[in-house]
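Summary of structural features
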Amino acid sequence: MAVKQFKAESKRLLDLMIHSIYTHREIFMRELISNASDAIDKLYYRTLSDGDTGLNRDDFCIQIIPDKENRTLTITDNGCGMTKEELENNLGTIAKSGSLNFKKENEQKEDIEIIGQFGVGFYSAFMVSEKVTVVSKPYGGEEAYRWESSGTAGYTMEPCEKEGHGTEIILKIMPNTDDNNYDEYLDSYTIRNLVKKYSDYIRYPIKMDVEKSRLKEGSKDEYETYTENETLNSMVPIWRKNKNEITEDEYNEFYKSKFMDYVNPIRVIHSSTEGTATYNALMFIPAKAPMNFYTRDYEKGLQLYSNGVLIMDRCADLLPDYFSFVRGLVDSQDLSLNISREMLQHDRQLKIIAGRLEKKIKSELETMLENEREKYEEFFKNFGLQLKYGIYQDYGMHKDVLQDLLLFYSSGEKKLVTLKEYVSRMKEDQKYIYYACGETTDKVDMLPQTEALKDKGYEILYLTDNVDEFALRMLIKYDDKEFRSVSADDLGLETEEEKKEAAKQVEENKDLLTFMKDALDGKVKQVILSQKLKTHPVCLSTDGAISIEMEKVLNAMPTDEKVTAQRVLEINANHPVFAKLRELYEKDQDTLKEYASLLYTQALLIEGVSIDDPVAFSNQICGLMTK
């Protein structure tokens, strides 16, 4: 029998197919099953359009037959089959796609889904096979033909016998090598897993004879083996069902088995969209953050399907980083895929889908925040950091998406509140949204800088996460109200008269304040009289963009470059300590230097900043006690 040569360009493409195009050899199973599904779709559609009622969807199936002894793997379908000419055209010329032509001819028809569009998926079989045989008989035809090839050498074609219409693909699996275990493609367990992974939602049954055991009839402990032709795929994807047909338990079980979690999700997001980009999405918000969520090891992304066939296990482009906690999948028939179906040829559709998913996730979170506050707060404990990072990243580009989803602890409400809720309660004369930073809400509550604001009855947001102040600085404003730290110079509390009085007091004590600043030898930018302190003698504030809290966060990072905030020591002019300082300035400036150092160290401790020399501080205290 004469061996026919592939065309030159097809020969080069076949060599590329076998060695380069596909990332994983196991993909061949997905491709061959998809082709079989296409063949059945074509015949099913033909019977509908021709009015042939002799066949219905229940009659169709795909069979997988592993034969370890002969090292063959056979995949059969009872679809449309191929004539001699179709075998020649579709298999003899690589990248000639019957599926693509069929789809173009029937673009306006409903109830038809063609998966394979590039005509090269079949050749992935050569990644695991030393020889591939195709036996096919067209529906309504009398003659069957056998196409056979051992790869780039060419192919043969001859008439043969075949019962019934459809196609058989027989793969002669390669022997094992040091690098590859080809035996696994003859193993029932592996085959079952590959079908589940890639082709679980092909809408025709994929069957295989599976050996099982059962208790012998009439026996209590004797078992017998038997063979069952088992359906390996579930066929109807849960995400294509009507929401009203799916119970909460079904969603939960699907999530837990699909995404390897042992806890039910806190939220299910099921949406279908038609139009510019048609897709079904089924997404879940986990109840708990995975152990590695805030590490580099965590991979974000949704599973991406094309007509029920898995294309990518984690498509990162479908989710923005700030919603990376979402698990789930998207199934679209509008994706333009490359020939291996492993990459998108261009991302226009993907960008449209990603944009819609972002809006849907935001909408669902807002609904949860509004209607299920307790559940939302539980979600925020797990994933709120990610939303705050999202505000800070990309120079605040995403603040409009995220700002209404943030929660902060409130000094007034003693619980988590939104920025919207804070602004709605602002007093008529209140200029700013006030915040204070610290390790815990209890420690923040004790900060001296909060006293004046509390006296006025102003609400303060307590920031306890490292990223909090960075996020608010990036927001700049909310509802046209500026954020202002309690450590800022101007809290907007003083009247013009009070400002004049304060300026007069500063002028009267200018020399004392300058002396104390010089005594601290560059540790502070200046020493000032505070207008925000009530009962406490001192506090620290900063001059410039870097706050003390930001300094702590930045210096905790693994880098040799350290930042220093421009510290300002504020002294309460109404505290008895200040009267003592004035007295010492006139009578004992050496002791005043010690007092300046003590007050500065005290202010550091209040802020939670570690002091350089605890021993020296202890000795100063002891010296003061024994004077």
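For the structure, check the block above.
Procedures and definitions
Residues numbered from 1 in each chain as written. Predicted model: local features only at pLDDT ≥ 70, side-chain atom pairs only at ≥ 80, totals over all residues. Heavy atoms only, no water. Pairing = 2+ DSSP bridges. Helix = DSSP H or I, 4+ residues; strand = E, 2+ residues; numbered from the N terminus. Axes fitted to C-alpha atoms, helices over the stretch in contact; angles between N-to-C directions. Phe/Tyr/Trp six-rings, centres within 6.5 Å; stacked < 30°, edge-to-face > 60°. Buried < 20%, exposed > 50% of the residue type's maximum accessible area, 1.4 Å probe, protein only. Lys NZ or Arg CZ within 6 Å of the ring centre and 35° of its normal. 1 Å grid on protein atoms, 1.4 Å probe; cavity = no way out; pocket = protein on both sides within 12 Å on 5 of 7 lines; lining within 4 Å. Points joined across faces, edges and corners; volume = space filled by probe spheres on them. Nonpolar A, V, L, I, M, F, W, Y, C, P; charged D, E, K, R; others polar. Parallel < 35°, antiparallel > 145°, perpendicular 65-115°, else oblique. Contact = heavy atoms within 4.5 Å. Expected span 1.5 Å × (residues − 1). Arc of directions from axis to C-beta. Polar contact = N/O pair within 3.5 Å; in protein donor to acceptor, adjacent residues only side chain to side chain.

Quick look at the sheet that holds strand E7 (residues 206-215)
Strand-to-strand pairing in sheets goes through backbone hydrogen bonds, with the strands running parallel or antiparallel. The sheet built from eight strands is open, its strands ordered E5-E4-E3-E6-E2-E1-E7-E8 with mixed pairing. Among the strands making up the open sheet, the edge pair consists of strand E5 (155-160) and strand E8 (223-231). If you compare each strand with its neighbour and ignore which way they point, the axes differ by 25 degrees on average. The sheet contact formed by strand E3 (residues 129-137) and strand E4 (residues 144-149) spans five bridges and is antiparallel.

A look at the packing of aromatic side chains
Evaluation of the coordinates by the stated rule reveals 30 aromatic pairs. Between the aromatic rings of Tyr 432 and Tyr 434, the centroid separation amounts to 6.1 Å while the plane-to-plane angle is 80 degrees, which identifies the pairing as edge-to-face. The class for Tyr 432 is buried, based on a relative accessible area of 13%. Taken together, the aromatic side chains of Phe 293, Tyr 294, Tyr 298, Tyr 322, Phe 323, Phe 325, Tyr 376, Phe 379, Phe 380 and Phe 383 make up a single cluster linked through ring pairs. In this arrangement the basic side chain of Arg 214 is found over the ring face of Tyr 226, its NZ or CZ atom lying 4.0 Å from the centre. Just above the ring of Tyr 432 sits the side chain of Arg 484; from NZ or CZ to the centre is 3.9 Å.

Looking at the layout of surface pockets
If a probe the size of a water molecule is rolled over the atoms, the empty space left behind becomes visible. Taken as a whole, the second largest pocket spans an internal volume of roughly 660 Å³. Elements represented by at least two residues in the lining of the second largest pocket include exactly helix H12 (451-456), helix H14 (496-508) and strand E20 (526-530). The dominant element in the lining of the second largest pocket, judged by the number of residues it contributes, is H14, at seven residues. Considered class by class, the residues forming the lining of the second largest pocket number ten nonpolar, six polar and eleven charged.

Examining the pairing of strand E16 (residues 433-437)
By the criterion of burial, E16 is predominantly enclosed, with five of the five residues buried. On E16, burial covers both faces: Ile 433, Tyr 435 and Cys 437 on one face and Tyr 434 and Ala 436 on the other are all buried. Where E16 lies against strand E19 (residues 481-485), three bridges are found, and the strand directions are parallel. Directly across from Tyr 435, in E19, lies its bridge partner Ser 485. In the sheet, E16 pairs with strand E17 (residues 460-463) via four bridges, with the strands oriented parallel.

Points about the packing of helix H13 (residues 468-475) against helix H16 (residues 548-555)
In contact at an axis separation of 9 Å, H13 and H16 are set at 120 degrees when each is read in the N-to-C sense. Judged by the inter-axis angle, H13 sits oblique to H16. For the pair H13 and H16, contact is made by Glu 469, Phe 470 and Arg 473 and by Glu 549, Met 550, Val 553 and Leu 554, respectively. Considered class by class, the residues forming the contact of H13 with H16 number four nonpolar, no polar and three charged.

Notes on the environment of Gln 589
Within the element layout of this structure, Gln 589 appears in helix H18 (residues 589-607). Gln 589 sits 77 residues away from Leu 512 along the chain, and the two C-alpha atoms are 9.8 Å apart. Filtering out sequence-adjacent residues up to four positions away, Gln 589 remains in contact with Phe 515 and Leu 584.

A short note on unusual backbone geometry
One non-glycine residue, Met 260, lies in positive phi territory at about 55 degrees. Tracing the sequence through the fold places Met 260 in the loop between helix H6 (248-258) and strand E9 (267-273). Notably, Lys 414 is not glycine yet its phi reads approximately 60 degrees, a positive angle. Mapped onto the fold, Lys 414 is located in the loop between strand E14 (408-410) and strand E15 (416-417). Judged by relative accessible area, Lys 414 falls into the partly exposed class, the value being 49%.

Comments concerning the sheet that holds strand E18 (residues 477-478)
The strand order across the open sheet formed by six strands is E15-E14-E17-E16-E19-E18, and the pairing between neighbours is mixed. Strands with a single pairing partner mark the edges of an open sheet, and in this sheet they are E15 and E18. Inspection of the sheet shows E18 paired to E19 by two bridges, in the antiparallel sense. Counted as the bridge partner of Lys 477 is Glu 482 from E19. In the packing of H13 onto the sheet, contacts are made with E14, E16, E17, E18 and E19, and the angle to E16 comes to roughly 155 degrees.

A short note on helix H5 (residues 188-199)
Working note: α-helix, 3.6 residues per turn, so residues spaced by three or four point in the same direction. With twelve residues, H5 extends 15 Å from end C-alpha to end C-alpha; this agrees with the ideal 16 Å at 1.5 Å per step. Looking at H5, one finds that the buried residues are Thr 190, Ile 191, Leu 194, Val 195, Tyr 198 and Ser 199. Buried residues of H5 fall within an arc of 135 degrees about the axis and therefore sit on the same side. On its buried face, H5 sits against helix H2 (27-49), strand E1 (62-67), strand E2 (72-77), E7 and strand E12 (309-315). The backbone nitrogen of Tyr 189 lies 3.1 Å from a side-chain oxygen of the residue at the head of H5, namely Asp 187.

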